[in-house]
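Here are the chains, one letter per residue:
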Amino acid sequence: MYLSKFVMNKEHPSAKQAMKNVQDFHRNLMTYFQNSRQEAGVLYRTNFLTKNPIVYVLSKIPPKNMRQGFMDLLESRSIDSYVESLSNGKIFSFDICTIPCKKVVREGKKNSARITLGLEVERIEWLQRKAEGAGFRILAVQEMECSETYGKKKAAGYEMYLKGYHYQGQLIVDDEKKFRQAYCDGIGPDKAYGYGMLLLV
C-alpha cells in the first residue's frame, strides 16, 4: 500500500470545478493512477481547511508524478510495514468521514434506495456495527460536523447528493486480519467520492 499527499491549486479551472462536483474530482484524481479505482485500491480524504487543499490518498499502486495544474504530488511512500504493524490489542486515535446509511425499499422500483440515518444515536450504532465487522471496537467516539457534497455524471445526466459525517475517537484492534483489510479497503459507501478512509494516530 502507498500513502500519498497532494496539494490542490484552487485557482486552476479543473480544481475549481472539482471542488463543486465530486464526480469531476474523482475523474481528475484517477488520472494519476491510470487504472480503475477498484484496481488501484484508491481511497482519499481532502482537507479544505488549508490555504490550498491537501489531499491524502491511500492506494495499492503508487501514483504517477504528473504536473497537470489540478494538483501536485508532494510525497508518496510505501506503508506495507505500517499495515503489518496493525496488530491485536493496539489502541489508536481515529478520524473518519463516512456515510451512516440504510437501504429502503422504493415502491414500484426494482432497486432499493440508500438514505443517510437521521438520528445521531442511529449513526453511532451504525459505525459500531461497521467496526465489529472490520475487526475493531470503538472505545470512544464523537460526531463532528456534517458534510454535504454534490456530484453529476454528465454522460448519464445523473445527479447525486451525498450527506456524510465526520467522526473522531479511539479504537482497539480485536482481529488484526480484518482490521488491516478494512484499513486498506475503507469503511462505508461512496469511497470513490472521498468517504471511508480511516486515518489513524
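As shown above, the structure is provided for reference.
A. The arrangement of the overall build of the protein in detail. A count of helices and strands for the protein gives 6 helices and 10 strands. What you see for the protein is a C-alpha radius of gyration of 17 Å, in line with the 17 Å of a compact globule of 201 residues. In the protein, buried positions account for 45% of the 201 residues. Counting contacts in the protein only where the partners sit at least 6 residues apart, residues at least 24 apart contribute 70% of the total. Total accessible area computed for the protein in this model is approximately 11,100 Å², and 48% of it derives from carbon and sulfur atoms. For the protein, the distance from the average site of its 31 positive side-chain charges to the average site of its 22 negative ones is 5 Å.

B. Fine view of the sheet that holds strand β10 (residues 199-200). Ordered in space as β8-β9-β5-β10, the 4 strands form an open sheet in which the pairing is antiparallel. The sheet is open, and its two edges are formed by β8 (136-153) and β10, each paired on a single side. As defined by bridge partners, β8 adjoins strand β9 (residues 158-173) across 15 bridges and the pair is classed as antiparallel. Its bridge partner lying in β9, Tyr150 is registered against Tyr161.

C. Expanded view of the pattern of salt bridges. Overall, the coordinates contain 8 salt bridges when judged by the stated rule. A salt bridge links Glu11 to Lys16; the shortest N-O distance between them is 3.9 Å. For Lys16, a relative accessible area of 41% gives the class partly exposed. The shortest N-O distance in the salt bridge between Asp24 and Arg27 comes to 2.7 Å. Of the two residues, Asp24 and Arg27 are both situated in helix α2 (residues 22-30); the distance of 3 residues between them amounts to about one turn of the helix. Residue class for Asp24 comes out buried when judged on its relative accessible area of 2%. When salt bridges with common partners are traced through the structure, they connect Glu84, Glu176 and Arg180 into a single cluster.

D. Structural context of the pairing of β9. Direction of pairing for strand β5 (residues 91-98) relative to β9: antiparallel, over a ladder of 8 bridges. Bridging from a neighbouring strand, Thr98 pairs with Tyr165 of β9.

E. Focus on the packing of aromatic side chains. Counted by the stated rule, this structure contains 7 aromatic pairs. Here Phe25 and Phe70 contribute two aromatic rings whose centre-to-centre distance is 5.7 Å and whose plane-to-plane angle is 80°, an arrangement assigned as edge-to-face. With Phe25 in helix α2 and Phe70 in the loop between β3 (54-59) and β4 (71-78), this pair connects stretches of sequence that are 45 residues apart. Given a relative accessible area of 1%, Phe70 falls into the buried group. An aromatic cluster is built from Phe25, Tyr44 and Phe70, whose rings are joined through pairwise contacts. The ring centre of Tyr165 lies 3.9 Å from the NZ or CZ of Arg123, which sits over that ring.

Reading guide: rules and limits
- Residues numbered from 1 in each chain as written.
- Predicted model: local features only at pLDDT ≥ 70, side-chain atom pairs only at ≥ 80, totals over all residues.
- Heavy atoms only, no water.
- Helix = DSSP H or I, 4+ residues; strand = E, 2+ residues; numbered from the N terminus.
- Rg over C-alpha atoms; globule rule 2.2 N^0.38 Å.
- Buried < 20%, exposed > 50% of the residue type's maximum accessible area, 1.4 Å probe, protein only.
- Contact = heavy atoms within 4.5 Å.
- Areas by Shrake-Rupley, 256 points an atom, 1.4 Å probe, with all protein chains shown as cover.
- Lys, Arg positive; Asp, Glu negative; His and termini not counted.
- Charge placed at Lys NZ, Arg CZ, Asp CG, Glu CD.
- Pairing = 2+ DSSP bridges.
- Salt bridge = Lys/Arg side-chain N within 4 Å of Asp/Glu carboxyl O.
- Phe/Tyr/Trp six-rings, centres within 6.5 Å; stacked < 30°, edge-to-face > 60°.
- Lys NZ or Arg CZ within 6 Å of the ring centre and 35° of its normal.

Interpretation in functional terms is not warranted from these geometric data alone.
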